[in-house]
Structure formats: structure tokens, C-alpha cells
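Now for the letters of each chain:
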Amino acid sequence: MFRSKTFHGGIHPPENKHLTRNKPIENMPLPQKVIIPLLQHTGAICEPLVKTGDMVLQGQKIGESKANVSSSIHATISGTVTSIELYPHPILPNNIMSIIIEKKTEDAITDRVNIEKTDWKKLNAQEMLNKIKEAGVVGLGGAAFPTHIKLAPPADKKIDALIINGAECEPFLTNDHALMLEKTNEIIEGLQIILKILGINKAFIGIESNKPDVITKMQSILELCTLYPVPCTVKVVPLKVKYPQGAEKQLIKAILNREIPSGKLPFDVGAIVQNVATVFAIYEAVILGKPLIEKVITVSGDAIKEPKNIRVRIGTPISKIIEFCGGLKDKTAKIIMGGPMMGMSQYTLDVPVIKGTSGIIALKPQKEHIEDPCIKCGRCVDICPMGLMPNHIADYAEKDMFELCKEYGVLDCMECGACAYSCASGRPIVHLVKYAKLKLAKK
Amino acid sequence: MESKLIVSASPHIKLDENTQGVMGWVVIALIPTVFASIYLFGMRSLWIILTCVITCVITEVVTNKFMLNKKAAKPNASPTITGILLAFCLPPTTPLWMAAIGSFIAIFIVKQLFGGLGYNIFNPALAARAILLASWPAAMTTWIKPVCSWAGSDAITSASPLAIVKMKLVETIPSYSQLFMGTIPGSLGETCKLTLLIGAAILFLKKIIDWRIPFTFIGVVALLSFAFGRDPLFEIFSGGIILGAFFMATDMVTAPTSTTGKLIFGCGCGAITALIRNFGGFPEGVCYSILFMNCLSPLIEKYARPKRFGLRRKA
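Rules used in this analysis
- Residues numbered from 1 in each chain as written.
- Chains lettered and ligands numbered in written order.
- Predicted model: local features only at pLDDT ≥ 70, side-chain atom pairs only at ≥ 80, totals over all residues.
- Heavy atoms only, no water.
- Helix = DSSP H or I, 4+ residues; strand = E, 2+ residues; numbered from the N terminus.
- Rg over C-alpha atoms; globule rule 2.2 N^0.38 Å.
- Buried < 20%, exposed > 50% of the residue type's maximum accessible area, 1.4 Å probe, protein only.
- Areas by Shrake-Rupley, 256 points an atom, 1.4 Å probe, with all protein chains shown as cover.
- Pairing = 2+ DSSP bridges.
- Contact = heavy atoms within 4.5 Å.
- Buried area = accessible area lost by both parts, 1.4 Å probe.
- Salt bridge = Lys/Arg side-chain N within 4 Å of Asp/Glu carboxyl O.
- Polar contact = N/O pair within 3.5 Å; in protein donor to acceptor, adjacent residues only side chain to side chain.
- 1 Å grid on protein atoms, 1.4 Å probe; cavity = no way out; pocket = protein on both sides within 12 Å on 5 of 7 lines; lining within 4 Å.
- Points joined across faces, edges and corners; volume = space filled by probe spheres on them.
- Nonpolar A, V, L, I, M, F, W, Y, C, P; charged D, E, K, R; others polar.
- Phe/Tyr/Trp six-rings, centres within 6.5 Å; stacked < 30°, edge-to-face > 60°.
- Lys NZ or Arg CZ within 6 Å of the ring centre and 35° of its normal.
- Patch = residues over 30% accessible without salt bridge, like charges linked within 9 Å, V, L, I, M, F, W, Y side chains within 5 Å.
- Expected span 1.5 Å × (residues − 1).

Chemist: Please explain the overall build of chain A as it appears in this structure.
Modeler: Within chain A, the regular secondary structure consists of 13 helices and 17 strands. At 22 Å, chain A has a C-alpha radius of gyration in line with the 22 Å of a compact globule built from 443 residues. Its C-alpha atoms give chain A principal-axis dimensions of about 65 × 55 × 45 Å. Within chain A, the proportion of its 443 residues that are buried is 59%. Surface accessibility of chain A: about 17900 Å² in total, with carbon and sulfur atoms responsible for 54%.

Chemist: For this particular structure, what's the right way to read the pairing of strand β17 (residues 359-363) of chain A?
Modeler: Here is the key point about a regular strand: its side chains alternate between the two faces of the sheet. All names here are of chain A. Counting buried positions along β17 yields 5 of 5 residues, so the element is predominantly enclosed. With burial as the criterion, each face of β17 is covered, one bearing Gly-359, Ile-361 and Leu-363 and the other bearing Ile-360 and Ala-362. In the sheet, strand β13 (residues 294-300) pairs with β17 via 3 bridges, with the strands oriented parallel. Bridge assignment links Ser-300 to a residue of β17, and that residue is Ile-361. Bridge analysis of strand β15 (residues 332-337) against β17 gives 4 bridges, and the strand direction is antiparallel. For Ile-335, the partnering residue across the bridge sits in β17 and is Ala-362.

Chemist: Sorry, what's going on with the interface of chain A and chain B here?
Modeler: The accessible area lost on association of the parts is a frequent measure of interface size. Of the residues lining the interface, 67 residues belong to chain A; the matching set on chain B comes to 41 residues. Across the interface of chain A and chain B, roughly 4700 Å² is buried in total on both sides, 57% from carbon and sulfur atoms. The three residues of chain A that bury the most area against chain B are Ile-375, Lys-376 and Tyr-421 of chain A, which together make up 14% of that side's buried surface. Along the contact surface separating chain A from chain B lie 4 salt bridges. Close ionic contact of Arg-379 of chain A with Glu-17 of chain B constitutes a salt bridge, the shortest N to O distance being 2.7 Å. In this assembly, chain A and chain B are joined by 27 residue pairs in polar contact (both at pLDDT 80 or more). Those elements that provide at least two residues to the side of chain A that touches chain B are α6 (248-256), α8 (318-324), β15, β16 (344-345), α9 (379-383), α10 (390-398), α12 (418-422) and α13 (429-442) of chain A. A total of 5 residues in the side of chain A that touches chain B trace back to one element, the largest contributor, which is β15 of chain A.

Chemist: I'm lost on unusual backbone geometry in this one. Help?
Modeler: Glycine aside, a negative phi is what most residues show, and trans is what most peptide bonds show. In the segment running from Tyr-243 of chain A into Pro-244 of chain A, the intervening peptide bond is cis, with an omega of -5°. Tracing the chain through its elements places Pro-244 of chain A in the loop between β11 (233-239) and α6. Along the chain, Ser-10 of chain B connects to Pro-11 of chain B via a cis peptide bond; the corresponding omega equals -10°. The backbone phi angle of Ala-144 of chain A is positive, close to 55°, even though this residue is not glycine. Along the chain, the position of Ala-144 of chain A falls in the loop between α1 (125-134) and α2 (147-150).

Chemist: What should I look at first to understand the layout of surface pockets in this one?
Modeler: Sizing a probe to match a water molecule and rolling it over the atoms shows the empty space that remains. Taken as a whole, the second largest pocket holds about 820 Å³ of empty space. Lining of the second largest pocket is provided by 32 residues; of these, Arg-379, Asp-382 and Ile-383 of chain A together with Lys-207 and Asp-210 of chain B occupy positions nearest its centre. Of all the elements in the fold, those that place two or more residues in the lining of the second largest pocket are α9 and α12 of chain A together with α9 (212-227) of chain B. For the lining of the second largest pocket, the per-class residue count stands at 15 nonpolar, 7 polar and 10 charged.

Chemist: Could you clarify how one ought to interpret empty space enclosed by the protein in this entry?
Modeler: Residues and elements named next belong to chain B. The tally for this structure, following the rule as stated, stands at 5 cavities of 30 Å³ or more. There is about 380 Å³ of room inside the largest cavity. For the largest cavity, the lining is made up of 24 residues, of which Met-23, Val-26, Ile-81, Asp-251 and Met-252 are closest to its centre. Taken together, the elements giving at least two residues each to the lining of the largest cavity come down to α1 (19-41), α3 (78-88), α5 (124-135) and α11 (241-248). Take the lining of the largest cavity: its biggest share by element is 4 residues, from α3.

Chemist: I tried to follow the sheet that holds strand β6 (residues 73-74) of chain A on my own but got confused; where do I start?
Modeler: Across the sheet, which stays open at both edges, the 3 strands sit in the order β3-β5-β6 (chain A) with antiparallel pairing between neighbours. The sheet is open, and its two edges are formed by β3 (47-48) and β6 of chain A, each paired on a single side.

Chemist: How should I be thinking about the pairing of strand β8 (residues 96-102) of chain A in this particular structure?
Modeler: All names here are of chain A. Extensive coverage of β8 is indicated by the burial of 5 of its 7 residues. One ladder, built from 5 bridges, connects strand β2 (residues 33-37) with β8; its direction is antiparallel. Opposite Pro-37, over in β8, you have Ser-98 as the bridge partner. In this sheet, β8 lies alongside strand β7 (residues 79-87) in antiparallel orientation, the contact comprising 7 bridges. Each residue of the ladder has a partner; that of Ser-83, found in β8, is Ile-100.

Chemist: I would appreciate a short explanation of the packing of aromatic side chains in the present structure.
Modeler: Pairs of aromatic rings are described using the distance from one ring centre to the other and the angle between the two planes. Overall, the coordinates contain 11 aromatic pairs over all chains when judged by the stated rule. The rings of Phe-204, Phe-215 and Phe-246 of chain B are connected pair by pair, giving a single aromatic cluster. Here the basic side chain of Lys-376 of chain A rests over the ring of Tyr-119 of chain B, its NZ or CZ set 5.4 Å away from the ring centre. Between Arg-305 of chain B and the ring centre of Tyr-408 of chain A, over which it is positioned, the NZ or CZ distance is 3.8 Å.

Chemist: Please clarify how a nonpolar patch on the surface should be interpreted in this entry.
Modeler: All names here are of chain B. Nonpolar side chains collect at one region of the surface, where Met-43, Trp-47, Leu-50, Ile-54, Ile-58, Val-62, Phe-66 and Leu-96 lie side by side and expose about 780 Å² of accessible area between them. Looking at the element boundaries, Phe-66 is found in helix α2 (residues 43-66). A relative accessible area of 67% places Phe-66 in the exposed class.

Chemist: For this particular structure, what's the right way to read helix α4 (residues 184-198) of chain A?
Modeler: Owing to its 3.6 residues per turn, the α-helix brings residues three or four apart onto one side. The end-to-end C-alpha distance of α4 of chain A, which contains 15 residues, comes to 21 Å, matching closely the 21 Å that a straight helix rising 1.5 Å per residue would cover. With respect to burial, α4 of chain A is a largely interior element, 11 of its 15 residues being buried.

Chemist: Looking at this structure, I do not really get the pattern of salt bridges. What am I missing?
Modeler: Pairing is possible between side chains that carry opposite charge, provided their charged atoms lie close to one another. Residues and elements named next belong to chain A. If you walk through the whole model with that rule in mind, you get 29 salt bridges over all chains. Lys-61 is the salt-bridge partner of Glu-64, the closest N and O atoms lying 2.7 Å from each other. Here Glu-64 falls in the partly exposed class, since its relative accessible area comes to 29%. When salt bridges with common partners are traced through the structure, they connect Glu-284, Lys-290, Glu-294 and Arg-313 into a single cluster.

Have a look at this one:
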């Protein structure tokens with residue numbers, strides 16, 4: 001159907017996207033209580049701008065940092081700050097200072113944000129970057145790097161291509177798919193905003209070819225509208241369905257055939273990658289002046305009663321979200337924040353959805369895989385998208401020989417989990433890689 | 001909501017496959033040849049195969065329990081494979097006690113002393129055969145004519161096709177179809193190429209073996225035989241090349257894991273086999289070539305690494 005591009009290596013895990021594929025995005029009713037961690041991004045933690053007992057309005061900035069790399073935090077519902085305390089975080093190992101806001105029925109506050117449209121074509125790059133910064137937009141693909149910094153690369157790096165990441169290669173997740181289908185025009189407008197900020201005129205939208213409806217819709221809209229800046233080329237690139245197709249390095253390799261050198265970043269090869277959800281957040285920030293207070297996520301998995309694509313307020317505890325989706329089928333389950341390949345399993349359902357959350361997956365307890373000795377079948381070596389030898393890295397990590405792990409490229413590993421997924425001996429390769437990285441960082 | 005949550009490192013999904021499954025398929029792939037060997041050489045084949053398998057399994061279970069102290073050591077098909085493969089490279093007239101000693105050597109010395117499954121350097125079946133050959137050279141090189149009947153009959157000694165060529169004997173060289181169907185003198189499981197290739201096809205379909213080792217092995221043998229003025233087709237279908245290339249050189253534990261490593265390994269096996277056959281003292285070289293490359297395997301593994309993403313290939 002489409003000629004699709006790809007990279008070397010990779011795996012084909014069962015997609016399981018059918019559970020939520022054709023479900024429209026449903027708005028979850030506003031929660032009574034939200035927990036907003038002051039650190040939801042890569043960079044410095046925010047200082048709270050409010051104190052216990054304060055009334056806050058939806059969209060009001062409640063956390064900020066003076067540090068260069070950081071991103072502001074906003075109240076996602078109107079209500080009263082009931083406490084500012086250490087609270088479990090869905091991604092970070094330690095408890096993080098969080099602002100807890102509770103909605104009180106007597107508060108007569110209208111839940112509306114400013115929806116006056118701004119004509120972004122009249123704004124210059126710096127003004128738009130400020131709007132993005134004010135809105136607290138971060139990369140929503142996973143790393144949550146502040147977007148206003150990513151879009152202002154150092155002057156000596158020449159950027160010539162923007163890549164919009166709509167690959168969505170993680171099994172189960174359909175949140176980007178749903179967003180691209182429902183907000184196609186907005187995403188294309190957001191793309192043009194980024195092109196203007198970067199001052200370039202070439203963009204690619206990479207979408208795995210298991211989403212033909214989105215590919216066709218994007219292509220037909222692109223054909224009809226005149227894009228700004230003139231002249232510019234925006235191409236939809238169908239990608240082969242393969243995990244991890246949406247990893248930044250693999251995506252750039254597939255679309256531009258450029259290989260990011262070990263330890264370097266996309267702008268070293270002249271490219272900037274933005275996730276579709278980030279592009280939509282940029283659109284909302286620049287045109288509507290709306291801060292990043294809600295997120296489209298997929299709630300799915302074989303242990304959830306009603307899998308859905310939902311729009312939730314950041315800070316909503318995942319217990320409430322699971323309740324909204326019919327609850328769990330069993331008492332015992334594995335709750336994963338993110339996709340099943342790279343997501344984090346949670347030890348409590350009190351943790352909130354944060355900016356970078358793409359989905360909540362509930363899985364039934366699986367057949368226990370007993371670890372056998374490595375029989376050196378070499379499958380992990382064949383499929384490693386980074387061309388590493390995961391078998392040796394795991395061996396050396398197990399024996400605490402971290403320097404050898406480094407020589408075998410453990411620091412290049414992005415922990416995509418393709419090796420551990422395919423290992424016939426059931427070795428916890430990613431676990432050992434994380435251990436080796438931690439030990440190397442401490443040295 | 002009271003729920004019990006399971007916590008572990010990512011990834012949270014797993015390919016439903018384990019080493020038991022992989023080994024089970026190897027056993028299935030070997031079964032057609034087991035039947036072929038019984039048909040070709042009579043019931044004595046079955047007794048040799050059973051002796052080898054039983055001795056291997058007992059040795060493995062006992063050593064796992066008392067020596068390696070592997071509490072969770074589950075019974076797996078690995079010693080069964082070793083037993084069948086060892087039986088396949090023994091002559092049909094091998095005394096059962098010799099087969100039993102060979103099996104013990106294969107599991108105890110070659111595998112368990114090195115740490116058990118996954119840690120052995122040499123292919124257990126081949127190393128055991130080499131030791132038997134050095135210990136009882138006469139018994140290990142006595143071949144019989146195939147009897148081709150399920151009932152079995154008395155054995156008539158004969159020379160193997162490669163020996164006919166090597167020693168320039170007067171006996172007639174068998175035809176290609178005889179070589180392919182296995183109605184020639186030889187070790188139990190090496191003669192019938194038809195069933196071996198059926199087994200190899202099963203392994204390919206299940207993606208258990210990779211094409212690189214067997215095809216470079218066979219290709220290099222064909223090429224060098226041609227260069228030495230020997231008939232390439234005859235070389236490939238006589239002796240143990242098909243058995244060795246598809247079932248022994250591809251033994252995962254003793255071969256390199258990277259794709260380049262596999263190519264080097266296969267080429268090495270092929271080259272040494274052809275050299276031994278042409279210039280060496282033995283008519284056949286498959287066993288020693290694979291053992292020799294097994295020695296080199298860790299070295300190949302160290303230097304023939306895959307091309308790392310974002311790094312230039314080192315010269």
C-alpha cells in the first residue's frame with residue numbers, strides 16, 4: 001500500500017492496538033483532586049508559586065524555576081491548594097514535592113481558559129518561544145525535555161529538517177493515532193509554527209503504515225492547503241511497522257538516512273524531532289495561549305474492563321482513571337505508565353498522570369518466565385537497533401565488570417527492550433543494562 | 001480499590017518462547033534421520049541411539065544435581081540432542097559400551113566441567129567423537145554396507161565413499177542418488193541427506209538456525225573442492241558435511257553470535273574440512289574443522305562485532 005521506510009534490527013511484538021484503535025477521544029470528567037509534581041520534565045525542579053490554602057484557577061502558573069533548563073507547572077483544575085508535600089512519582093524513584101489541589105464545591109470558579117485565537121503569523125520566533133515556555137510545553141514522546149529549549153538550538157548547529165514523530169510503535173498505545181485523526185488540521189498548523197520558529201522550510205511526518213487512515217487524511221489536507229512559510233515542503237512518510245520505529249535515532253535514520261553519532265543529539269545531524277502530541281501542545285500554546293494542563297492518553301491492556309482513549313487533566317491519580325475505564329478485571333495486575341515495552345510498572349495507584357504520560361496499560365499476571373542460562377543464540381545481537389551485543393553487556397553487568405559494559409556500548413543503549421523481549425532464556429537484559437548505567441554514573 | 005500490583009523492570013511483554021521450546025524443535029528435526037538410520041543400518045542403530053540418549057540424560061541430571069548445584073535445573077532436551085548427535089556420528093557397529101563411554105565424556109567432561117548448558121567451549125557430541133576416535137581408532141572407522149530393511153541383517157564391512165577416494169580403493173564410487181538417499185556406508189546419521197535436509201528445513205522454518213553458518217560452510221567446501229580438482233557435489237553429499245553444517249556447526253553455544261562472526265565461522269569450517277579431506281591423513285574433516293572453529297569462536301566473537309549505530313566501522 002505504502003512504500004515504507006525503516007531501520008536495521010527491531011522486533012514485531014503483538015500490536016494489540018485494536019482494543020482502542022477506532023475509539024474517539026473521550027473527555028474524562030474533571031477530577032476532585034489533582035496531584036501536580038513540581039518535576040515532570042528533564043531539568044531543574046520548580047519552586048512552588050503558591051502556598052497551602054491558596055485558591056488557584058485552572059491554567060494558573062503554580063510552579064516555576066529560574067534555572068535554564070526547566071519548565072513551568074500549571075494548576076490543572078480550579079480549587080484550593082490543600083498541601084505541598086512529598087508524593088510518589090510515576091517515573092522517578094524518589095518521592096517528589098507535589099502541589100495537591102482539591103476542588104471545593106463552594107468555589108464558584110468558571111473553568112474556562114482564554115480561547116481567543118492569536119494570529120501567529122504576526123509573531124516573531126522569540127515571542128512564540130516565550131508563549132511555549134509560559135505554557136510549560138515539554139516533549140511528550142517520553143523524555144519530557146522542555147520544548148522552548150529544543151526549538152532554540154545552539155547557533156552553530158545548522159538545522160534543515162523537522163521530523164514529526166507519529167510512529168507510535170509501542171504496542172497497545174493509540175493516543176497519538178487518535179489525536180492525529182481528530183486534530184489533523186491543528187497538528188499541521190502547529191508544524192508550520194515550528195517551521196517558522198526554526199526558520200526552515202522542510203518537514204516530514206513519520207507515521208507507521210498501520211495507521212493508513214491518518215496517512216491518507218494528512219496527505220489530502222497537505223495537498224489542499226497552502227503552507228506557511230512559502231515555499232516549504234511537508235511530506236508524510238509511511239514507516240514500516242516495527243518496534244522501535246519511533247525512537248529518535250531510528251526515525252531520523254529511516255526518514256533522512258542520517259545516523260546520529262554515538263553520544264550526539266539530533267541537531268548534530270541537522271534534524272529536530274517533535275512528537276505529534278507536542279506539536280498539538282505547541283499549537284494550543286501559541287494560538288490559544290493555553291498551558292499544558294491536559295493530555296490524551298490510552299488506557300488499555302488485557303486487565304482493564306473498558307479500554308479507551310481519554311483526555312485527562314494532568315495530576316489525575318491513576319486510580320481514578322482506572323475507575324473511569326470500568327476498573328480492573330482482576331485484583332492482581334501490572335499497571336504500567338507508558339507502553340508495555342518501555343513503560344514503568346507502578347507500585348501504587350495514587351501516582352498522578354504527568355505531562356509525559358502516553359498511556360496506562362493494565363496487564364494480567366503473565367506466565368512466569370524462569371531465567372535459563374544464555375545459550376548464545378544471538379537473537380538479541382541480530383535485533384538490537386543500536387547494533388550492540390546485549391548478551392555480552394548483560395554478562396558483564398552481572399559480573400560487575402562495568403568498564404567492559406561501557407566498551408560494548410552500554411551507554412548507547414536506549415533500553416527499548418527488544419533484546420529482553422526476544423530472549424528465549426528469559427534473561428532480564430534491560431534490568432542489567434539499567435544497573436550497569438547506574439553504576440557507571442556513580443563512578 | 002484494593003489491588004495487588006506487580007512491579008518489574010521493562011519490558012513488560014515477552015515473546016512466548018523459551019529454551020525448552022527451541023531444543024524441542026531440534027529434537028523433532030532430528031527424528032526423521034533417526035528413522036532413516038534404523039532403516040539403513042538395522043535395529044542396532046536404535047540401540048546405539050537409545051544408549052547415547054539415556055547415558056547423556058542420566059549424566060546430566062546427576063551432575064546438575066550433585067556437581068553444579070543448580071537447584072532450579074529443569075529437565076531439558078539439551079542432553080537428548082547431544083545423545084542423538086553423538087550417536088549420529090558413530091559407526092553402526094560401535095559396541096554399546098563404547099557409545100555409553102562417549103556419551104559420558106560428552107556430557108561430563110566436555111559440557112558440565114565447563115559449567116553446564118551455555119558455557120561449554122566445544123560441541124559435546126563432536127568432542128566426544130574425537131576422543132573415541134583417538135581411543136579406539138579401529139572400531140571407530142569400521143563401516144558397514146547399509147542393510148535397508150527394518151528387520152535388519154548381518155553386517156558386511158565396506159569402505160566409506162570418502163575413504164574410497166582417499167585410499168584410491170578399487171571399489172566403485174556410489175552414485176549421487178545413493179549419496180543423497182543414504183544407501184552408502186557411513187556413520188549412523190550422516191548418510192541420509194534427504195531426512196537431514198528435511199530436519200534442516202524445519203529448523204529454518206522455526207528460525208532456530210541462521211543461514212550464514214551452514215551455507216558458507218557448504219559453499220566454501222564446494223569452492224575449495226573445485227579448486228583442488230575434486231567433484232564439489234560428491235564432496236558435499238558424502239561424509240558428514242550436511243549433518244555437521246546444519247546441526248553441529250550451528251550449535252548456538254559454541255558458535256559466534258554476530259552475523260559477521262557467523263560468516264567467518266562458517267567459512268573457517270568449510271576451509272578446514274576441504275583442506276583435511278584433500279591434504280590431511282583422514283578421509284573426513286568435518287568433526288575436526290568444527291572443533292577447531294569452536295576454539296576460535298570466542299576470539300571471533302570478540303573482534304567480529306556488529307556495526308554499532310552511530311559509530312564508524314573500525315578498520
